[in-house]
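An overview of the molecular structure
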Amino acid sequence: WQVEEILRATPEENVEMIHDSVAHLVRQHGRKVMIDLEHFFDGYKADPEYVKQCCQAAVDAGAAALVLCDTNGGTMPWQVEEATKEMVEEFGDDVTIGIHAHNDCNLAVANSLCAAKAGAGLIQGTINGIGERTGNADLCSIIPTLALKEESNMGVGGQLHELTSVSKFVDELLGRIPNPAAPYVGSSAFCHKGGLHVAAMERNADSYQHIEPTLVGNERRTVVSELAGRQTILGKMRDAGVETESDRAMAILNRVKRLESKGYTFEGAEASVHLMILHASRGYCPPFKVLDYSVQVYDSNMDSASRVMQKQMQSTNEDNDGDVGPTARATVKVRTLNLDEDAYSSMDEPLLFKDHLEVSDGNGPVDALAQALMRSLVPSHPTLSGMQLVDYKVRILDPESATGASTRVMIEFRDGDATWTTTSVDRNIISASVNALVDGFEYALIEHAQSCMLCEDAF
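What this report covers is the structure whose coordinates are included nearby. Please read all numbers here as calculations on a predicted model, not as lab measurements.

Now for the overall build of the chain. In terms of helices and strands, the chain carries 16 helices and 12 strands. When burial is assessed residue by residue, the chain has 42% of its 459 residues classed as buried. By sequence separation, contacts in the chain at least 24 residues apart represent 65% of the contacts at least 6 residues apart. When the accessible surface of the chain is totalled, it reaches about 24800 Å², and 49% of it is carbon and sulfur.

This paragraph deals with helix 8 (residues 163–174). For helix 8, spanning 12 residues, the distance from its first C-alpha to its last is 17 Å, which sits close to the expected 16 Å at 1.5 Å a residue. Those residues of helix 8 not exposed but buried are L163, T164, S167, V170 and D171. In an axial view of helix 8, the angular spread of the buried residues amounts to 130 degrees, which keeps them on one side of the axis. Residues of helix 8 that are exposed and angled more than 90 degrees away from the buried face: F169, E172 and L173. Tucked into the core, helix 8 has its buried residues touching helix 7 (139–149). Looking one or two residues beyond helix 8, the residue adopting positive phi is G175, at roughly 70 degrees.

In a regular helix each residue adds 1.5 Å, so 18 residues correspond to 26 Å; helix 2 (residues 11–28) covers 25 Å between its end C-alpha atoms and thus fits that length. Three or more residues of helix 2 are buried, namely N14, V15, I18, V22 and A23. The buried residues of helix 2 occupy an angular sector of 155 degrees when the element is viewed end-on, so they sit on one face. Counted as exposed and oriented over 90 degrees from the buried face of helix 2: E12, D20, R27 and Q28. One or two residues past the end of helix 2 sits G30, with phi positive at roughly 65 degrees.

Its identity is not glycine, yet R133 carries a phi of approximately 55 degrees, on the positive side. With respect to the element layout, R133 can be found in the loop between strand 4 (122–124) and helix 7. Unlike most non-glycine residues, Y184 shows phi in positive territory, near 70 degrees. With respect to the helices and strands, the residue Y184 is situated in the loop between helix 8 and strand 5 (191–192).

With that settled, the discussion passes to a nonpolar patch on the surface. Residues Y392, V394, I396 and I429 make up a contiguous nonpolar surface patch of roughly 310 Å² in combined accessible area. Counting residues per element, the nonpolar patch draws most heavily on strand 10 (residues 388–396), which supplies three residues. Counting through the fold element by element, V394 comes out in strand 10.

Glancing now at the packing of helix 4 (residues 48–60) against helix 5 (residues 77–91). Remark: helix 4 packs on helix 5, axes separated minimally by 12 Å, with the N-to-C direction vectors making an angle of 40 degrees. As the angle between them shows, helix 4 and helix 5 are arranged oblique. Crossing of helix 4 against helix 5: the hand is right-handed. Along its contact with helix 4, which presents K52, C55, Q56 and V59, the element helix 5 presents E86, M87, E90 and F91. Along the lines of polarity and charge, the residues of the contact of helix 4 with helix 5 split into four nonpolar, one polar and three charged.

Glancing now at the side chain of N103. In this fold, N103 is placed in the loop between strand 3 (96–101) and helix 6 (108–117). In this structure N103 comes out as buried when scored by relative accessible area, which is 18%. Every residue in contact with N103, bar those within four places of it in the chain, is listed here: A108, T134, G135 and N136.

Before going further, it helps to spend a moment on the environment of M374. With respect to the helices, strands and loops of the structure, M374 is situated in helix 15 (residues 365–377). Residue classification places M374 among the buried positions, given a relative accessible area of 19%. Taking the C-alpha atoms as reference points, M374 and L384, 10 residues apart in sequence, are found 7.4 Å from one another. Non-local contacts of M374, meaning those with residues more than four positions away in its chain, are made with L384, M387 and F441.

Looking now at the sheet that holds strand 4. The strand order across the open sheet built from four strands is 1-2-3-4, with neighbouring strands paired in parallel fashion. The open sheet has two free edges, formed respectively by strand 1 (34–37) and strand 4, since each of these has just one partner strand. The average angle at which neighbouring strand axes cross in this sheet is 25 degrees, direction not considered. The pairing of strand 1 with strand 2 (residues 65–70) spans four bridges and is classified as parallel. Across the sheet, the residue bridging to I35 is L66, located in strand 2. Of the strands in this sheet, strand 2, strand 3 and strand 4 are in contact with helix 6, which crosses strand 3 at around 170 degrees.

Let us now look at the packing of helix 6 against helix 7. Where helix 6 contacts helix 7, the two axes come as close as 10 Å, and the packing angle between them is 35 degrees. Helix 6 and helix 7 meet at a crossing whose hand is right-handed. Between helix 6 and helix 7, the residues in contact are V109, S112, L113 and A116 and S141, I142, T145 and L146, respectively. Partitioned by chemical class, the residues of the contact of helix 6 with helix 7 number five nonpolar, three polar and no charged.

Scoring rules and cut-offs
- Residues numbered from 1 in each chain as written.
- Predicted model: local features only at pLDDT ≥ 70, side-chain atom pairs only at ≥ 80, totals over all residues.
- Heavy atoms only, no water.
- Helix = DSSP H or I, 4+ residues; strand = E, 2+ residues; numbered from the N terminus.
- Buried < 20%, exposed > 50% of the residue type's maximum accessible area, 1.4 Å probe, protein only.
- Contact = heavy atoms within 4.5 Å.
- Areas by Shrake-Rupley, 256 points an atom, 1.4 Å probe, with all protein chains shown as cover.
- Expected span 1.5 Å × (residues − 1).
- Arc of directions from axis to C-beta.
- Patch = residues over 30% accessible without salt bridge, like charges linked within 9 Å, V, L, I, M, F, W, Y side chains within 5 Å.
- Salt bridge = Lys/Arg side-chain N within 4 Å of Asp/Glu carboxyl O.
- Axes fitted to C-alpha atoms, helices over the stretch in contact; angles between N-to-C directions.
- Parallel < 35°, antiparallel > 145°, perpendicular 65-115°, else oblique.
- Left-handed = near helix turned anticlockwise from the far one by under 90°.
- Nonpolar A, V, L, I, M, F, W, Y, C, P; charged D, E, K, R; others polar.
- Pairing = 2+ DSSP bridges.

And the structure:
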């Protein structure tokens, strides 16, 4: 029916078109032709003999590959394997049999692997399964599965460890948010949080992971939550380079559980956990200290019914870009190391630290605070100039408290390819935001600055 109703051709005309099209490309242009057989599996179910006539026409015309397309994405893996096996037996000596699967039943990867098991030598797919409707077969799952599980003779060579980077690159290029649960390449693919799980992983990594993450360029992570055990905290302390004293680990774990009972969540906010461990460790000094801050929020029109329309009219009449100027002003006073060389050239004893007072306008209080913090810290820590705030999330934890509810803030930062997230909870949303911002700036300095410690006596 696809031929007669969609193409509006007779079965004989369709066979002739296949032959003539392939022959034209092969004989007159010297092209290597791989013919994608649209709706192959639907046609195979309806009339397998006619499907074979179409395939034979392509083979006789010089096609190099017959690609079996599950165009509607509704074929089951065992049906794919059976049909592919028959096609391999029929035409496999003359051409390569391929598979092109769609993910409408969430089976594109399974169908592709079953086709490979049946003898298909070509798999079509996309990075991260990007494609129409529900997507195509995800090469980020197919490639490592064939390479590591089936030990297939594939052309990836020694490049399999680049897979996670390629996945992230494609998402970045397309402006997509990476799927953390993506097999092999997702940030949660080798992530563990249960206390017993983590303890088992410490004894034998294979207990809760099916491959070594580094084989595909990923990494094993342990996240801290109410399920975390002592081994989780000890692992995080080792990652932070601090002494793994058992009593201290239990104290940090108890603190985590107390904070989570108040609404904190440390899953996905590993930077905050890292800082918590450092602050609980002897000898650590933060790279800066916020001495005080204030925020003003202002507006020229308090009529809620007309405010938006008036702003839109102002922006249309003035600059056509929708920007009506700042709506908040923040003042921040920060103490940092004194890196002024002139201060050390005089005979007087130099000051070890220096206070910076900065004011910045912004589109809302959080934006103004972030800009004021940046302006006060960059002179002493220029590495911060490349840092960006890429996400800001707010969740009300106890809505029954109305305007007095506790608020959880999570902020994601980026510097080049590195990303990190911090969190804070407070009944004052500005305080929660400031705490998460400060943690984010401090974590950036710990990770990237060569000299960032502010000695304890500077406080």
